[in-house]
Amino acid sequence: MPLKQLSSARRPDSFDPRSVPGLALWLDGADTSTLYTTDAGPVTAVTAPTDISGCVGWWDASDAATLFAADTGSTLATTTVGRWANKGTLGSAADLLQASAGSRPAINTATRNGLRVMSFDGVDDWMQRAFTLSQPCTVLMAFSYTSTFAATTTLCDGAGNGNTLRFAPTSETSALFNTGGNTPQLTLTAWGAMSQWQTACLIANGAASASACFRSGLSTVGGLGATATATQPNGLTLASWGAFGLQYAGVMIAEVVAFNSALAITDRARVEAYLATRWGIANVHAQATATSDPVGHWRDKSGNGRNVIQSVGSARPSLRAATINGKRSVDFDGVDDTLWVTPSVTSGDLTALCVYRYDTLNGGVVYDVAHQGDSTNAQRSESTGFLNSIGMLVSAAGLVTHRLDRIRSFVETQGGRSSVAGAYSAGRVALSSAAASHETNTDRYGGLDGASLTQTTRFNGGAWSAISIGARRNSTPVSVGSVFLDGQVCEFLLYERNLSQSQRQRIEQYLAAKWGITLSPQVANADAQDWINRVYANGGQVSSSTASAVNTLCNSIDAAGIRDRFYRMGIFAGSNLAAALVPLYRGQSLGGTQFGNATDTNVGPFVSGDYVETGASGGLTGNGSTKYLQTGIAPSAWMAANGGSHMAVYKCTSTNSGVLISSRYNPANTALWQNWEYGAGGNAAGGSTGAFGSPGSHNSLLGVTRGAGGSAIPVRSFRNDAFSADNSGGNDPAGTSVPVAVFARNGQSSDTNAYTMNLFTNQRLAAYSVGLSLSAAQLSAYNTAMQAFQASLGRNV
């Protein structure tokens, strides 16, 4: 029966995924209240930096009571500042000083957000004080450059030649800050327009890998230098290199804050938000609402707090410019964008569902659920376009590469799913931690169960240690990702259990309705269901009526006991040419060996106008000169010497032109046919004189068959359910390596050892099949099933 769809009147948001027990993670791109520009997510600013423990230094240019005219004394500043009093816990021991009157910064010459700021002229103004900060430490400030900065411009530094702390947009070696000597710990290559007001934060933490710097809440662009020391910072210098009082910066500084610890994300963000609010600096820890806004935090709506984040500004995805069904999604660049979280997830069953879209073919990993840092024990949608289960690494061999400009439902299985660019996809995989179930873990495609996945390793228990969106995780959960997604993620759901069929279908319906995805119909017959699955993977769709017709066809063949007669059957059905090229059968059974190409290879090629699914003009029409289908299956795959075989087509037109289906071997040009073709000249199996008469005006189900037993068994032609007594021959067709072609004669000569295509047909066909021989009773059952199928599509003749 077709999968029940949501009615257009039913609101997709009337269903809450949290109503299904076991929801572990829910990321919803349509809910912009869950998307934030930085990794901190929603931030509540402190009322003052001292709200956070460890605030040893706090210098506030708007507080007139802390600005003094000289480096000593108590006269308040009116024009320039010689002492900037510290409001942090170190008190006056960390007051910033300038003894030289000519090098004092100015006050009352500039304001920001209605508050006065301190101006350094970039010529000789600077302030400094030696005091001991801890290692690690955190320094934050609000500032704006007033003159062009260069390699000799230093915004903030330590207080002596140790240079244990350094802010500089380019500096002598592109240093932002360092922890010893003149060698940078963190290089900076792109600060952008420095004349804008912004916040900056550096965290000096001894080792380069443990340190970080942030600009307006975003991690800076750049790499880490080669050296770092654990030397304690020896003080603070503003607008100059601390060792000698040079490399002056033309800058306005509003506020500076120092902590004797490496602030955690939340505390750092609260101080940054305080500075941004106070000094009118926009887009610091804000919601991602505008096109191309960075997304550093995607809040988990499950209630479990498994928010996925990205602390590196350059590696953050962004909001997609175009909406999907009126909703926003998160766009990953395929280079370095990824979001991740390291949760304590159950070691039991998992079910994941995801709506996503590839922008380029084989466009990277959509998501990865890593187990204890082991990338082989992971659930992921790979760059091959497959959705892998625990330890199941699937080959990309034989993928179909094509583009779609429509929305479709998508889940990958082993054996032929493609990474389709331009198609919105909804995927689901269920994982079980029980060893006995590993061989039957299944994924789903458009609401249909796919093939079981073949595992390479088994899950050995333990918690799932990392979840990555937009990339595969490397060997450690917190490492930078790889195999990055070039595409977008709309919604992701992870359940810590294996969902029931009804639960899973309800969630799939919710996702499909919400994101405008058409779910494929669901039918009872496994062969029919598999065909529908593969049609959607190849870029087609199947209507409910066609799905029902294919289901009936398969049921009729099963009931007649002739399923094993067919090694390949094409039915030219579905919404478009991509669907029509998907064969119904590729072997004697769904679970057995599959033969030939995953889809009929389109040579010539056929175009969309050559295919009509239903009605009096239904079928696929050749052009008589260049167009044919290559199945990739050769008679040697199913037919031993003297073995029985059949070859058939459903022909919708009555004229006789060209070869309809063929596999021909012509050793030494003696014109001995070793398998059958049916078409112009009437040759079916025999010598150069032709054993069979021309099909003439025949249409409908046409073919040839021969039982096993060698030359004593005649090759017989048939039309519909009747054999043609006058069309028989005794020559001995045998299995050859020439692949079966449809719409032309495919031949091979031992002289050339190459296939040659000729005798193309311009006829309209609605089906074909190759396989084992058919008895009279089997032919009758086959014809009855095929005629009923063609009648259901309105193209029977």
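Within every chain, residues take consecutive numbers counted from 1 along the sequence as written. Selection of residues for local features in this predicted model requires a pLDDT of at least 70, selection of side-chain atom pairs for listing and counting requires 80 or more, and totals for whole chains, interfaces and linings are taken over all residues. Hydrogens and water molecules were not included; the side-chain quantities draw on all heavy atoms of the structure.

J.: Mind showing me how you'd approach the overall build of the chain here?
T.: Looking only at helices and strands, the chain features six helices and 50 strands. Looking at the 797 residues of the chain, the share that counts as buried comes to 58%. Across the chain, every contact between residues at least 6 apart in sequence was considered, and the portion connecting residues at least 24 apart equals 69%. In DSSP terms, a helix is any run of H or I states spanning at least four residues, a strand is any run of E spanning at least two, and both are numbered starting from the N terminus. Here the term buried applies to any residue with accessible area under 20% of the maximum for its type, exposed to any over 50%, and partly exposed to those in between, with areas from a 1.4 Å probe on protein chains only. Should any heavy atoms of two residues lie within 4.5 Å, those residues are considered in contact.

J.: Explain the nonpolar core here, please?
T.: Generally speaking, soluble globular proteins have nonpolar side chains that are buried together. Trp 531, Met 569, Ile 571, Leu 584 and Phe 789 are the most contacted members of the largest nonpolar core, which totals 36 residues. For this core, the elements supplying multiple residues, two or more each, are helix H3 (526–537), helix H4 (544–559), strand S35 (566–570), strand S40 (645–651), strand S50 (764–771) and helix H6 (776–792). The residues touching Leu 584, leaving out its near neighbours within four places in the chain, are Asp 527, Trp 531, Arg 534, Val 550, Leu 553, Cys 554, Met 569, Gly 570 and Ile 571. Put simply, a nonpolar core is a bunch of buried Ala, Val, Leu, Ile, Met, Phe, Trp, Tyr and Cys residues held in one set by side-chain atoms that sit within 4.5 Å of each other. Residues Ala 77, Met 127, Tyr 145 and Val 256 belong to the second largest nonpolar core, which totals 34 residues.

J.: Mind showing me how you'd approach the packing of aromatic side chains here?
T.: What describes a pair of aromatic rings is the distance from one ring centre to the other and the angle between the planes of the rings. Any two rings among Phe, Tyr and Trp, with Trp reduced to its six-membered ring, count as a pair given centres within 6.5 Å; such a pair is stacked if its planes are under 30 degrees apart, edge-to-face if over 60, and tilted if neither. This structure, assessed with the given rule, holds 11 aromatic pairs. With 4.8 Å between their ring centres and 70° between their planes, Phe 566 and Tyr 782 make a pair best called edge-to-face. With Phe 566 in strand S35 and Tyr 782 in helix H6, the pair connects residues that are 216 residues apart, well separated along the chain. What makes Phe 566 buried here is its relative accessible area of 0%. Relative to Phe 760, the ring of Tyr 628 has its centre 6.1 Å away and its plane inclined at 45°; by these criteria the two rings are tilted.

J.: Help me understand the pattern of salt bridges, please; the structure alone is not making it clear to me.
T.: Pairing between side chains of opposite charge can happen when their charged atoms approach one another. For salt bridges, the criterion is a side-chain nitrogen of Lys or Arg within 4 Å of an Asp or Glu carboxyl oxygen. Counted under the stated rule, the structure contains 20 salt bridges. Measuring nitrogen to oxygen at the nearest pair gives 3.0 Å for the salt bridge that ties Arg 83 to Asp 95. With a gap of 12 residues between them, Arg 83 in strand S5 (residues 83–84) and Asp 95 in the loop between S5 and strand S6 (96–97) connect regions that are remote in the sequence. Judged by relative accessible area, Asp 95 falls into the buried class, the value being 4%. Among the ionic pairs, Arg 278 bridges to Glu 255, the shortest N-O distance being 2.9 Å. Residue Arg 278 is found in helix H1 (residues 265–278), and its partner Glu 255 is found in strand S20 (residues 250–259); the two are separated by 23 residues along the sequence. A residue is classified by how much of its surface remains accessible, and Glu 255, at 0% relative accessible area, is buried. Where salt bridges share partners, they join Asp 28, Asp 31, Lys 301, Glu 491 and Lys 514 into one cluster.

J.: What is the right way to read the packing of H4 against H6 from this model?
T.: Fitted lines through C-alpha atoms give the axes, limited to the stretch in contact for helices. The angle between two N-to-C directions lies from 0 to 180 degrees. Direction vectors running N to C along H4 and H6 enclose 175°, while the axes themselves pass 9 Å from each other. Classified by the interaxial angle, the pair formed by H4 and H6 is roughly antiparallel. Residues Ala 549, Val 550, Leu 553, Ser 556 and Ile 557 of H4 pack against Ala 785, Met 786, Phe 789 and Ser 792 of H6. Lys, Arg, Asp and Glu make up the charged group, whereas Ala, Val, Leu, Ile, Met, Phe, Trp, Tyr, Cys and Pro make up the nonpolar group; the residues left over, Gly among them, are polar. Of the residues contributing to the contact of H4 with H6, the split by class is seven nonpolar, two polar and no charged. Put simply, angles under 35 degrees are roughly parallel, angles over 145 are roughly antiparallel, angles from 65 to 115 are roughly perpendicular, and the rest are oblique.

J.: Looking at this model, I keep getting lost on H4. Mind explaining?
T.: Across its 16 residues, H4 extends 22 Å between first and last C-alpha, which sits within 8% of the 22 Å expected from 1.5 Å per residue. For H4, the set of buried residues is Thr 546, Ala 547, Ala 549, Val 550, Asn 551, Leu 553, Cys 554 and Ile 557. Where H4 is buried, its residues meet H3, S35 and H6. Of the residues trailing H4, Gly 561 is marked for its positive phi of about 70°. In this analysis, the expected span of each helix is defined as 1.5 Å times one less than the number of residues it contains.

J.: Whenever I open this one, helix H2 (residues 501–515) confuses me. Can you help?
T.: Helical periodicity: at 3.6 residues per turn, an α-helix aligns residues three or four positions apart in one direction. End to end, H2 covers 21 Å across 15 residues, agreeing with the expected 21 Å (1.5 Å per residue, within 8%). With 12 of its 15 residues buried, H2 lies for the most part within the structure. Listed in full, the buried residues belonging to H2 are Gln 503, Arg 504, Gln 505, Arg 506, Ile 507, Glu 508, Gln 509, Tyr 510, Leu 511, Ala 512, Lys 514 and Trp 515. A positive backbone phi angle near 70° is found at Gly 516, which sits one or two residues after H2.

J.: Is there a simple way to explain the environment of Gly 540 in this structure?
T.: Mapping Gly 540 onto the fold places it in the loop between H3 and H4. Linking Gly 540 and Gly 574, residues 34 residues apart in sequence, is a C-alpha distance of 6.6 Å.

J.: Any chance you could explain the environment of Phe 244 here in plain terms?
T.: By the element assignment, Phe 244 lies in the loop between strand S19 (236–238) and S20. Taking the relative accessible area as the measure of exposure, Phe 244 reaches 55% and is therefore exposed. For the pair Phe 244 and Ala 159, spaced 85 residues apart in sequence, the C-alpha to C-alpha distance is 9.2 Å.

J.: I would appreciate a short explanation of the packing of H3 against H4 in the present structure.
T.: In helix packing, the relevant descriptors are the interaxial angle and the interaxial distance, both defined with respect to the helix axes. At a minimum axis distance of 8 Å, the contact between H3 and H4 shows a crossing angle of 140°. Classified by the angle their axes make, H3 and H4 are oblique. Crossing geometry of H3 relative to H4 is assigned as right-handed. Between H3 and H4, the contacting residues are Asp 527, Ala 528, Trp 531 and Ile 532 on the first element and Thr 546, Ala 547, Val 550, Asn 551 and Cys 554 on the second. Residues that form the contact of H3 with H4 fall into these classes: six nonpolar, two polar and one charged. In a left-handed crossing the near helix is turned counterclockwise from the far helix by less than a right angle, and in a right-handed crossing that turn is clockwise.

J.: Any chance you could explain unusual backbone geometry here in plain terms?
T.: Only a minority of non-glycine residues have a phi that is not negative, and only a minority of peptide bonds are not trans. Residue Gly 604 is joined to Pro 605 through a cis peptide bond whose omega torsion reads -15°. Located in the positive-phi region is Asn 720, a residue other than glycine, with phi close to 55°. Within the element layout of this structure, Asn 720 appears in the loop between strand S45 (715–719) and strand S46 (722–729). Look at Leu 759: it is not a glycine, yet its phi comes out positive at around 50°. With respect to the element layout, Leu 759 can be found in the loop between strand S49 (754–758) and S50.

J.: What's the story with the environment of Ile 467 in this structure? I'm lost.
T.: Looking at where Ile 467 falls in the secondary structure, it is placed in strand S33 (residues 464–469). Taking relative accessible area as the criterion, Ile 467 reaches 1% and is therefore assigned buried. Taking the C-alpha atoms as reference, Ile 467 lies 9.2 Å from Arg 306; in sequence the two are 161 residues apart.

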